[in-house]
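What the coordinates show
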Amino acid sequence: MFDPLLEELHKSIEVRGGESISVPQDLKEYQSANGKSLIRNWLWKVPGFRRWRVTRLDAGNKLQVLNSVAYPDYVNDQPLMGIDLLWFGTSCKLVAILDFQPLHQDQGYFDRHFTELQVLRSRFPEFCEEAKMRSFDPDQYFSPWLLFCRGGIDEAKVTLPVVFTAFLSCYWNLNESFTQNSSKISVPDVKRLQNNYDIYSAERDPAHGLFCSYFGHTWTEHFLRNFLFPGV
Ligand code: BLA
């Protein structure tokens, strides 16, 4: 389901000078004991970013996932880029979340970094669902303009590809607008806030149980600590 989007993401990273970093074999690709689920992970070193991770989970008809987080360099206080796309094939349900994940919730920060995302969101009413969150707190590391859709096949096949391209382009524009003087949060504070994102996300991650059931507790802990949230 998400392979064309995965390819688009990787191409857009490569075009901007991204270089793939080697991932340890047991994290790069790992199969569930019953052979029905495969998880693949990529790491990129992209100019302007200290880390960019990408995950693709293929659990057949049950579940397809594309997940990615980009962490800007510590000299840059811009939001992280977060993407979580899930397709539950048996019930034909899409859950898609794309956001510029803010380090702070204050108005000045939003004014500096979220003008374009605000405009983008207004173009896609299907992705303007109110963020009713069960695991996360919408006021921590999510923006008021996150693109959130709980939909079906039409949203997955027709709207999502358009939203995805526009969203990526909007995030690249933001990153390209960065100049040495534009960051208002100090380097140690950006570092602390980015690491807190990892700590917060590791505690709340709604996929934890799912990973344990597919890949076992030991591998899941290794994956969370060493790949998804190394700042923990
Ligand atoms: C929800 N994400 C979910 C859910 C699952 C995953 C199973 C619950 C689905 C549902 O609510 O119906 C799955 N998350 C994953 C998987 C990975 C993962 C497989 O991280 C693999 C790496 N989540 C993110 C990022 C964002 C994010 C970067 O990892 C930000 C864009 C958002 N996921 C997010 C939100 C929800 C969610 C907001 C709804 C959670 C809630 O209801 O509180």
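Before reading further, recall that the structure is shown in the block above.
What comes next concerns the included structure. (Residues numbered from 1 in each chain as written. Predicted model: local features only at pLDDT ≥ 70, side-chain atom pairs only at ≥ 80, totals over all residues. Heavy atoms only, no water.)

**Here's the deal with the nonpolar core**
Rules: Take the buried residues of types Ala, Val, Leu, Ile, Met, Phe, Trp, Tyr and Cys, join any two whose side-chain atoms come within 4.5 Å, and each joined set is a nonpolar core. We call a residue buried when its accessible area falls under 20% of the maximum for its residue type, exposed when it is over 50%, and partly exposed in between, using a 1.4 Å probe and counting protein chains only. Secondary structure counts use DSSP, requiring at least four H or I residues in a row for a helix and at least two E residues in a row for a strand, with both numbered from the N terminus. Whether two residues touch is decided by their heavy atoms; if any such pair falls within 4.5 Å, the residues are in contact.
Judged by nonpolar contacts, the single largest core of 51 residues is most densely connected at Trp52, Leu85, Leu98, Phe127, Leu160, Phe164 and Phe167. With 11 residues, helix α5 (residues 153-176) is the single largest residue contributor to this core. Not counting residues within four places of it along the chain, the set of residues in contact with Phe167 comprises Met81, Gly82, Ile83, Leu98, Asp99, Phe100, Leu117, Leu120 and Leu147. The next biggest cluster of nonpolar side chains, apart from the first, holds 25 residues, and it includes Ala131, Phe142, Phe148 and Leu224.

**Comments concerning the site of the ligand**
As a reminder of what qualifies: In these notes, residues near a molecule or strand are those with any non-hydrogen atom within 4 Å of it. Whenever a nitrogen or oxygen atom comes within 3.5 Å of another N or O atom, the pair is scored as a polar contact, on the condition that within protein one atom can donate a hydrogen and the other can accept it, and that pairs from neighbouring residues in sequence are kept only if both atoms are in side chains. All accessible areas in this document rest on Shrake-Rupley with a 1.4 Å probe, and a residue is counted as covered only by the protein chains that are shown. Think of it as three bins: nonpolar holds Ala, Val, Leu, Ile, Met, Phe, Trp, Tyr, Cys and Pro, charged holds Asp, Glu, Lys and Arg, and polar takes everything else, Gly as well.
Residues in contact with the ligand amount to 24 residues; listed here are only the nearest, Asn67, Asp84, Arg134, Ser135 and Phe136. One nitrogen or oxygen atom from the main chain of Ser135 is found 2.5 Å from an oxygen atom belonging to the ligand. Contact with the protein chains covers 93% of the free accessible surface of the ligand, which is 840 Å². The leading source of residues in the shell around the ligand is strand β6 (residues 80-88), at 4 residues. Across the shell around the ligand, the residue classes tally to 15 nonpolar, 4 polar and 5 charged.

**A short note on the packing of aromatic side chains**
Note the following rule: Only Phe, Tyr and Trp rings are paired, with Trp represented by its six-membered ring, and only when their centres lie within 6.5 Å; those with planes under 30 degrees apart are stacked, over 60 edge-to-face, the remainder tilted. We call a charge positioned over a ring when the NZ of a Lys or the CZ of an Arg lies within 6 Å of the ring centre and within 35 degrees of the ring normal.
Tallying each qualifying case throughout the model produces 23 aromatic pairs. Note on Phe100 and Phe167: the rings are 5.5 Å apart at their centroids and 55° apart in plane angle, and the pair reads as tilted. With Phe100 in strand β7 (residues 93-101) and Phe167 in helix α5, this pair connects stretches of sequence that are 67 residues apart. Across the ring face of Phe227, the terminal group of Arg51 is positioned such that the distance to the ring centre comes to 5.6 Å.

**Quick look at unusual backbone geometry**
Positive phi is not limited to glycine here, since Cys92 has a value of about 55°. In this fold, Cys92 is placed in the loop between β6 and β7. Here Tyr141, not a glycine, exhibits a phi torsion of approximately 65°, which is positive. Mapping Tyr141 onto the fold places it in the loop between α4 (115-122) and β8 (147-151). According to the relative accessible area criterion, Tyr141 is buried, its value standing at 8%.

**Some details on the pairing of strand β4 (residues 49-59)**
Selection criterion: Paired strands, in this sense, are two strands between which DSSP finds at least two bridges.
Counted residue by residue, β4 has 9 buried out of 11 residues, so it is predominantly covered. Two strands pair when backbone bridges link them, and strand β3 (residues 38-45) and β4 are joined in this way by 7 bridges, in the antiparallel orientation. Directly across from Asn41, in β4, lies its bridge partner Thr55. With antiparallel pairing between neighbouring strands as the criterion, β3 and β4 make up a hairpin whose turn holds 3 residues, including Gly48 at a positive phi of roughly 95°. Here β4 pairs with strand β5 (residues 63-72) via 10 bridges, running antiparallel. Within β5, the residue paired with Arg51 across the bridge is Tyr71. Between β4 and β5, which follow one another and run antiparallel, lie 3 residues, and Gly60 among them has a positive phi close to 60°.

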